[in-house]
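Breakdown of the fold
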Amino acid sequence: MSEVSLTVNGKRVSGSAEDRTLLVHFLREHLGLTGTHVGCDTSQCGACVVLVDGRAVKSCSMLAAQASGSTIVTIEGLASGADLHPVQAAFKEHHGLQCGFCTPGMIMTATDMISRHPEGLDEATVRAELDGNICRCTGYHNIVKAILAASQAMAKGSKGKAKQAA
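What counts and how
- Residues numbered from 1 in each chain as written.
- Predicted model: local features only at pLDDT ≥ 70, side-chain atom pairs only at ≥ 80, totals over all residues.
- Heavy atoms only, no water.
- Helix = DSSP H or I, 4+ residues; strand = E, 2+ residues; numbered from the N terminus.
- Rg over C-alpha atoms; globule rule 2.2 N^0.38 Å.
- Buried < 20%, exposed > 50% of the residue type's maximum accessible area, 1.4 Å probe, protein only.
- Contact = heavy atoms within 4.5 Å.
- Areas by Shrake-Rupley, 256 points an atom, 1.4 Å probe, with all protein chains shown as cover.
- Lys, Arg positive; Asp, Glu negative; His and termini not counted.
- Charge placed at Lys NZ, Arg CZ, Asp CG, Glu CD.
- Expected span 1.5 Å × (residues − 1).

It is worth spelling out the overall build of the chain at this point. Along the chain, the regular secondary structure elements total 6 helices and 5 strands. Written out in order from the N terminus, the α and β elements of the chain read β-β-α-β-β-α-β-α-α-α-α. Against the 2.2 N^0.38 benchmark of 15 Å for 166 residues, the chain shows a C-alpha radius of gyration of 16 Å, consistent with a compact globule. Each of the 166 residues in the chain was classed as buried or not, and the buried ones make up 42%. Sequence separation of at least 24 residues holds for 55% of the intrachain contacts in the chain that already meet a minimum separation of 6. Total accessible area on the chain stands at roughly 8600 Å², and carbon and sulfur atoms take up 51% of it. In the chain, 15 positive and 15 negative side-chain charges are present, and the distance between their average locations comes to 7 Å.

Written out as structure tokens, the structure reads:
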């Protein structure tokens, strides 16, 4: 057994887990955060993506003990109260989901993608970086539109904050 201590969605949490417990199962079963989905258990589909220390990670490919000491953000922690995160709002506005199973992983991947490209994204980059996130419903068109819209909105927001600071 391992003692796992994390900061998850801004709260310090800890618990015991078998050494073989995957991060996705620790989040779902020990912490009750079921928004992170288990799709394939082989790191192929991306339904389990969370942010670990700010970077997108497939939580089915990481042991909970490996994540100990890290800061984790799940889909449940992305919004600020009742206010959706810009990526969540863009997925809603641009119909970037159908059944919703892949949506948490897509949104977390998009959040990481946008943070690594603060200057903005283009369609080719979005499509290339979505490799490893599978959606069986949408054909990706509206997902890509949503990510591009969120990228633009977040770039505008950061430019506005920079002007206010000057």
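There's more to say after this.
This part covers helix 4 (residues 103-116). For helix 4, spanning 14 residues, the distance from its first C-alpha to its last is 20 Å, which sits close to the expected 20 Å at 1.5 Å a residue. Judged by how many residues are buried, helix 4 sits mostly within the fold: 12 of 14 residues are covered. Turning to helix 4, its buried residues are Thr103, Pro104, Gly105, Met106, Ile107, Met108, Thr109, Ala110, Thr111, Asp112, Met113 and Ile114.

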